[in-house]
Amino acid sequence: MTSGTEETTLTIDELAARAGVTVRTVRFYGTKGLLPPPVLGPRRVGRYGRDHLARLALIEELQQQGMTLAAIERYVQQLPPGLDAHDLAIHRAVVASWAPDAVETVTRGELERRAGRGLGDDDVERLVAMGVVETGAGAGGGGGDGSLDYRVDLGLLRLGVGLLDVPLSQEAILAARKVLLEHSRAVARELSQLFRGEVSERAARDVRSLSASMQPVVVQALLTTFQRSLREELRGWVGGGPDDHDSP
């Protein structure tokens, strides 16, 4: 857990609002050891950062998988020490891959609660462009009080909200989304063809069981290899070339 002041800028109220939980929940998780203690700032006021927010998102994902509090405690205790927000986000992505698609129709207020922050009209438009949210007829129209409903992919919502603060143009984000979709579909097709011969002679029940077991493993493998490849590309880009891999 980092203690740099630039990483610990949230009060407990701000952390709770960003995570979409109550202050009481944050304190409860702290007493259970699910959250590291805050960094004490001036006047001994606790300050929280991105690592705390990412850990709360992971806990929420585990809850949505139906895990009990005791099971979540065991899961968190088994995490390697020193994980940062990026590492925790990868763990959450792997956990989210275990679940079927979760798409719900919600009100604007519920959308903001799930997002953990207020959303302006421009923010919602960007989420719509990213395919995270649908509005209008595609979302089932307005509510009984005349308000507009939103159809939201809960598995992508936090990712989309995180991208709202990334200093990239909308065009660059959509182009990156297209690249990721095209390559991920190609990988999925090739893996499917590779494994099809292995299961063709098995019973349907065995095939379903194997598929359920393989999905989180394959997702974690893809995340790990992509993370390493991207790190190498960025290191070469920032450092000036591939020879910088060997530099300290």
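Our structure's up above, just so we're on the same page.
A brief structural summary. For every chain, the first residue of the written sequence is number 1, and numbering continues from 1 onward in sequence order. It should be noted that, the model being predicted, local features are given only for residues of pLDDT at least 70 and side-chain atom pairs only at 80 or more, the latter also being counted only at that level, while totals for whole chains, interfaces and linings use all residues. Each side-chain value is derived from all of the structure's non-hydrogen atoms; neither hydrogens nor water enter the calculation.

With respect to the overall build of the chain
Only DSSP runs of H or I covering at least 4 residues are called helices, and only runs of E covering at least 2 are called strands; the numbering of each starts at the N terminus. For the chain, the count of helices and strands is ten helices and five strands. Each residue gets one of three labels from its accessible area relative to the maximum for its type: buried under 20%, exposed over 50%, partly exposed in between, using a 1.4 Å probe on protein chains only. Within the chain, buried positions represent 29% of all 248 residues. Throughout, a residue-residue contact means that at least one pair of heavy atoms, one from each residue, lies within 4.5 Å. Look at the contacts in the chain between residues 6 or more apart in sequence, and 64% of them connect residues 24 or more apart. Each accessible area is a Shrake-Rupley result for a 1.4 Å probe, and residues are judged covered by the shown protein chains and nothing else. Of the roughly 15,700 Å² of accessible surface on the chain, 54% is carried by carbon and sulfur atoms.

Re helix H2 (residues 23–31)
What H2 keeps buried is the set Val23, Val26 and Tyr29. For H2, the angular spread of the buried residues around the axis is 125°, confining them to a single face. Exposed residues lying more than 90 degrees from the buried face of H2 are Arg24, Arg27 and Thr31. Throughout, the arc means the angular range of directions from the helix axis out to the C-beta atoms.

Let's talk about the sheet that holds strand E3 (residues 103–106)
When DSSP finds two or more bridges between two strands, those strands count as paired. In spatial order, the strands read E3-E5-E4; together these three strands make up an open sheet with antiparallel pairing. Of all the strands in the sheet, the pair left with one neighbour each is E3 and strand E4 (133–135). Neighbour-to-neighbour, the strand axes of the sheet open up by a mean angle of 20°, direction not taken into account. Bridge count for E3 against strand E5 (residues 150–153) is four bridges, and the pairing is antiparallel. Counted as the bridge partner of Thr105 is Arg151 from E5. Relative to E3, helix H6 (residues 108–115) is tilted by about 130°, and along the sheet it contacts E3, E4 and E5. Whenever a helix is involved, its axis is fitted only over the stretch in contact; in every case the axis is a line through C-alpha atoms, and angles between N-to-C directions fall within 0 to 180 degrees.

Here's the deal with empty space enclosed by the protein
Put simply, the grid is 1 Å and covers the protein atoms alone, a cavity is a trapped set of points that fit a 1.4 Å probe, a pocket is an open set with protein on both sides within 12 Å along at least five of seven lines, and lining residues have an atom within 4 Å of a point. Grid points are joined across faces, edges and corners, and a volume is the space filled by probe spheres set on the points. Tallying each qualifying case throughout the model produces one cavity of 30 Å³ or more. The calculated volume of the largest cavity comes to roughly 90 Å³. Lining the largest cavity, in full, are Ala57, Glu60, Glu61, Gln64, Arg92, Arg114, Leu154, Leu157 and Arg158. Those elements that place two or more of their residues in the lining of the largest cavity are helix H3 (50–64) and helix H8 (154–164). Broken down by element, the residue count for the lining of the largest cavity peaks at four residues, all from H3. Each residue receives one of three labels: charged for Asp, Glu, Lys and Arg, nonpolar for Ala, Val, Leu, Ile, Met, Phe, Trp, Tyr, Cys and Pro, and polar for the others, Gly being one of them. Taken together, the residues that form the lining of the largest cavity break down as three nonpolar, one polar and five charged.

Quick look at the packing of aromatic side chains
Only rings of Phe, Tyr and Trp enter the pairing, Trp through its six-membered ring, and a pair is recorded when the two centres are within 6.5 Å. The plane angle decides the type: under 30 degrees is stacked, over 60 is edge-to-face, the rest tilted. One pass over the full model with this rule turns up one aromatic pair. Centre to centre, the rings of Phe28 and Tyr29 are 6.2 Å apart; their planes meet at 50°, and the pair counts as tilted. Residue Tyr29 is classed as buried on the basis of its relative accessible area of 7%.

Remarks on a nonpolar patch on the surface
Residues with no salt bridge and a relative accessible area higher than 30% make up the patches, which join like charges within 9 Å and nonpolar side chains (Val, Leu, Ile, Met, Phe, Trp, Tyr) within 5 Å. Whenever a carboxyl oxygen of Asp or Glu lies within 4 Å of a side-chain nitrogen of Lys or Arg, that contact is scored as a salt bridge. A contiguous nonpolar patch, built from Leu180, Phe226 and Leu230 and spanning about 290 Å² of accessible area, is present on the exposed surface. Structurally, Leu230 is set in helix H10 (residues 204–239).

Remarks on the nonpolar core
Membership of the largest hydrophobic core comes to 24 residues, with the highest contact counts inside it found for Leu15, Val26, Leu56 and Leu79. Residue assignment for this core shows that the elements contributing at least two residues are helix H1 (12–19), H2, H3, helix H4 (69–77) and helix H5 (85–96). In this view, Leu56 contacts Leu15, Ala19, Val26, Tyr29 and Leu35; residues no more than four positions away in its chain are not counted. Here, the term nonpolar core denotes a set of buried Ala, Val, Leu, Ile, Met, Phe, Trp, Tyr and Cys residues that are joined through side-chain atoms within 4.5 Å. In this structure, Leu119, Val152, Val161 and Leu164 belong to the second largest nonpolar core, which totals 16 residues.

Let's talk about the layout of surface pockets
Empty space among the atoms becomes visible once a probe the size of a water molecule is rolled across them. Estimated volume of the second largest pocket: approximately 170 Å³. In this structure, the second largest pocket is lined by 14 residues; those nearest its centre are Ala19, Gly20, Val21, Glu60 and Arg113. Classifying every residue of the lining of the second largest pocket by side-chain character gives seven nonpolar, three polar and four charged.

Details of the pairing of E5
Across the two faces of E5 the burial differs, with Tyr150 and Val152 buried and Arg151 and Asp153 not buried at all. Where E4 meets E5, three bridges bridge the pair, whose relative direction is antiparallel. In the strand pairing of E5, Glu134 is matched with Arg151.

So, the pattern of salt bridges
Any two side chains of opposite charge can pair, on the condition that their charged atoms come close. Applying the stated criterion to the full structure yields three salt bridges. Put simply, Arg113 and Glu110 hold a salt bridge, and the shortest N to O gap is 3.1 Å. Note that Arg113 and Glu110 are positioned in helix H6 at a spacing of three residues, about one turn of the helix. A residue is classified by how much of its surface remains accessible, and Glu110, at 22% relative accessible area, is partly exposed. Sharing partners across several salt bridges, the network here consists of Arg108, Glu112 and Asp121.

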